[in-house]
Amino acid sequence: MSDATPLEPRHTEAGDAEPGLRVLFPPGDSSRPARARQNLVRLLVGKSIFEALLVAALAAAFLSSAFNPSFRGALTLVGHGRIEGWVIDTSRPEARVEVQLYIDGRFVASADADKQPSEMSGAGMTTDGRHGFRFDFDVEGSSEHEARVYAVHTSGDEGTRTLQLVGKPLRFGGGSSPEVITEGAWRGADSR
Amino acid sequence: MNRKELIDRDTHGLSAGSLALWEILSVFFSILLAEWIVFSIGGGSNLLLAVPVGVAFAFMLISHRLRGESARDIGLRLDNFGQAARLLVLPTVVQTLFLLCVGWLTSSINFARWDGGQSILGMPLLGVFWGLLQQYALQGFINRRAQVVWGQGWTSVTVVALIFAALHLPNPWLTLATFSGGLVWAYVYQRAPNLFALGLSHGLMTWVLISTVPPQALYHLRVGFKFFG
């Protein structure tokens with residue numbers, strides 16, 4: 001900006017050589033700029049530490065409220081346009097957990113896990129046993145697909161909804177037969 | 001070498017430019033922290049949002065004190081109000097005409113769109129206060145520190161505008177608008193440092209922007225994580 005208005009030279013941190021609007025350190029006392037600079041550095045370090053602690057505290061609070069470690073469940077059947085499984089919130093066994101189905105990363109359907117499951121390795125966690133879900137769906141083509149079922153956890157005043165993967169992502173299609181899954185129950189605490 | 005000598009050596013080893021750059025980045029990241037992290041994992045709590053923003057403002061005020069900067073130094077003065085206002089007239093008129101054309105072409109001119117609360121004075125008061133606050137941080141602090149690093153001129157002006165624009169990401173049109181406004185305001189501040197004139201200009205341009213550009217295009221002025229909903 002060569003056409004800038006000439007400003008009077010001032011005692012500046014950057015030196016007196018160039019005129020212009022400069023950030024001052026207090027003139028006169030020769031020890032004061034060094035002390036001020038030291039304090040500024042300390043202030044910057046303190047501010048950074050405070051902000052790091054703030055982020056850590058927020059992250060810890062968020063993780064503890066947004067993810068439910070009490071979910072238990074499993075997928076028990078996948079294939080031929082059907083996925084079955086069950087999910088329980090062991091901290092509130094009377095409640096029905098909402099589950100959502102995604103195929104190849106796209107939302108397909110949502111349902112409550114309130115049906116009597118055909119198989120439930122989590123028996124004993126609940127009195128009525130009605131924590132099963134079943135999704136019937138159509139997929140195009142004969143290629144292989146990936147299905148993911150998520151348990152929905154709602155938290156906070158704003159109703160933050162967190163999806164926690166039930167079991168593992170499952171592949172189906174490509175001419176394979178329906179698969180009955182015999183793996184152990186999934187635990188919410190294992191969620192990623 | 002005792003502890004005091006070590007501290008002296010370390011802080012003297014940090015150049016004036018490095019220290020000023022650290023200050024700029026510190027304030028910049030505090031605002032990013034509020035917009036992106038605190039908003040997303042803090043559940044949108046205004047109280048939590050005020051923490052990093054308040055820390056940034058407290059830091060800026062203490063930094064002024066440590067550096068011996070007066071309110072007059074940073075631009076809270078009236079003697080050069082006229083000079084700053086004169087410098088702002090042309091770009092403000094040009095930008096207003098441009099935005100009016102946009103509003104006319106998109107049939108979205110509505111000067112009552114920004115209600116600013118219940119009172120009829122709400123909008124102008126909010127606009128000027130908010131504008132002054134942003135201009136204080138942007139020019140009274142960041143521009144001054146940028147001049148320590150890059151000197152007076154287009155480099156520091158562009159850096160200030162880029163920082164201002166980056167704080168409005170990922171809102172595309174608002175980022176563009178703030179970059180353009182940031183260039184003008186940073187340039188004018190380096191010629192005539194007056195935050196009152198810049199605050200008025202900021203408030204006025206915000207009002208014109210909101211009144212002329214379709215709200216959907218501005219995504220209701222949402223920035224940071226809030227932009228996504």
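Conventions and cut-offs
Residues numbered from 1 in each chain as written. Chains lettered and ligands numbered in written order. Predicted model: local features only at pLDDT ≥ 70, side-chain atom pairs only at ≥ 80, totals over all residues. Helix = DSSP H or I, 4+ residues; strand = E, 2+ residues; numbered from the N terminus. Buried ≥ 20, exposed ≤ 12 C-beta atoms within 10 Å, placed from the backbone. Axes fitted to C-alpha atoms, helices over the stretch in contact; angles between N-to-C directions. Parallel < 35°, antiparallel > 145°, perpendicular 65-115°, else oblique. Contact = placed C-beta atoms within 7 Å. pLDDT = per-residue confidence, 0-100. Left-handed = near helix turned anticlockwise from the far one by under 90°. Nonpolar A, V, L, I, M, F, W, Y, C, P; charged D, E, K, R; others polar. Core = buried A, V, L, I, M, F, W, Y, C linked by C-beta atoms within 7 Å. Pairing = 2+ DSSP bridges.

**Focus on the overall build of chain A**
And then number 1: In terms of helices and strands, chain A carries 1 helix and 9 strands.
And then number 2: Out of the 192 residues belonging to chain A, those deemed buried represent 26%.

**Quick look at the packing of helix α5 (residues 81-105) of chain B against helix α9 (residues 195-212) of chain B**
All names here are of chain B.
And then number 1: The contact between α5 and α9 brings their axes to 10 Å, and the two run at 5 degrees. In terms of axis orientation, α5 runs roughly parallel to α9. Where α5 approaches α9, its residues Phe-81, Ala-84, Ala-85, Leu-88, Thr-92, Gln-95, Thr-96, Leu-99, Leu-100, Val-102 and Gly-103 are matched on the opposing element by Phe-196, Ala-197, Leu-198, Ser-201, Leu-204, Met-205, Val-208, Leu-209 and Thr-212.

**A closer look at the confidence of the model for chain B**
Residues and elements named next belong to chain B.
And then number 1: Across chain B, pLDDT averages 87, with 89% of residues at or above 70.
And then number 2: Per-element mean pLDDT across chain B ranges from 48 in helix α1 (residues 3-13) up to 96 in helix α7 (residues 154-166).
And then number 3: In the predicted structure, residues 3-10 sits below a pLDDT of 50 and forms 3 contacts with residues beyond four places in sequence or in another chain.

**Brief notes about the packing of α7 of chain B against helix α8 (residues 172-191) of chain B**
Residue and element names in this part refer to chain B.
And then number 1: Packing of α7 against α8 brings their axes to within 8 Å, and their N-to-C directions diverge by 145 degrees. In this structure, the crossing between α7 and α8 has a hand that is right-handed. Residues Val-157, Thr-158, Val-160, Ala-161, Leu-162, Phe-164 and Ala-165 of α7 lie in contact with α8, whose contacting residues are Thr-175, Thr-178, Phe-179, Gly-182, Leu-183, Ala-186, Tyr-187 and Gln-190.
And then number 2: Of the residues assigned to the contact of α7 with α8, the class counts are 10 nonpolar, 5 polar and no charged.

**Regarding the nonpolar core**
And then number 1: Ranked by size, the top nonpolar core spans 40 residues in total, and within it Val-27, Ile-142, Val-160 and Val-188 of chain B carry the most contacts.
And then number 2: Secondary-structure elements contributing two or more residues to this core are α1 (31-66) of chain A together with α2 (16-41), α3 (46-67), α5, α6 (122-150), α7, α8 and α9 of chain B.
And then number 3: Here this core gets 8 residues from one element, more than from any other, and that element is α6 of chain B.
And then number 4: Residues in contact with Val-27 of chain B, not counting those within four places in the same chain, are Ala-56, Phe-59, Met-60, Ala-137, Phe-141 and Ile-142 of chain B.
And then number 5: Counting residues in hydrophobic clusters, the runner-up holds 20 residues, among them Ala-74, Leu-75, Val-97 and Ala-147 of chain A.

**Side note on the pairing of strand β1 (residues 71-79) of chain A**
All names here are of chain A.
And then number 1: Counting buried residues along β1, 7 of its 9 residues qualify, which places the element largely inside the surrounding structure.
And then number 2: Where β1 meets strand β2 (residues 82-89), 8 bridges bridge the pair, whose relative direction is antiparallel. In the strand pairing of β2, Gly-79 is matched with Arg-82.
And then number 3: With antiparallel pairing between neighbouring strands as the criterion, β1 and β2 make up a hairpin whose turn holds 2 residues, including His-80 at a positive phi of roughly 50 degrees.

**Looking at the sheet that holds strand β3 (residues 98-103) of chain A**
All names here are of chain A.
And then number 1: The strand order β4-β3-β6-β7 describes an open sheet built from 4 strands, whose pairing is antiparallel. Here the strands that pair on one side only, and so sit at the sheet edges, are β4 (106-112) and β7 (160-173). Looking at each pair of strands side by side, their axes are set apart by 25 degrees on average, direction ignored.
And then number 2: Across 5 bridges, the pairing between β3 and strand β6 (residues 144-155) is antiparallel. Of the residues in β6, the one forming a bridge with Gln-100 is Tyr-150.

**Quick notes on the environment of Leu-169 of chain B**
Residue and element names in this part refer to chain B.
And then number 1: Mapped onto the elements of the fold, Leu-169 is located in the loop between α7 and α8.
And then number 2: A tally of 16 C-beta atoms within 10 Å means that Leu-169 is categorised as partly exposed.
And then number 3: If sequence neighbours within four positions are ignored, Leu-169 has contacts with Thr-175 and Val-223.

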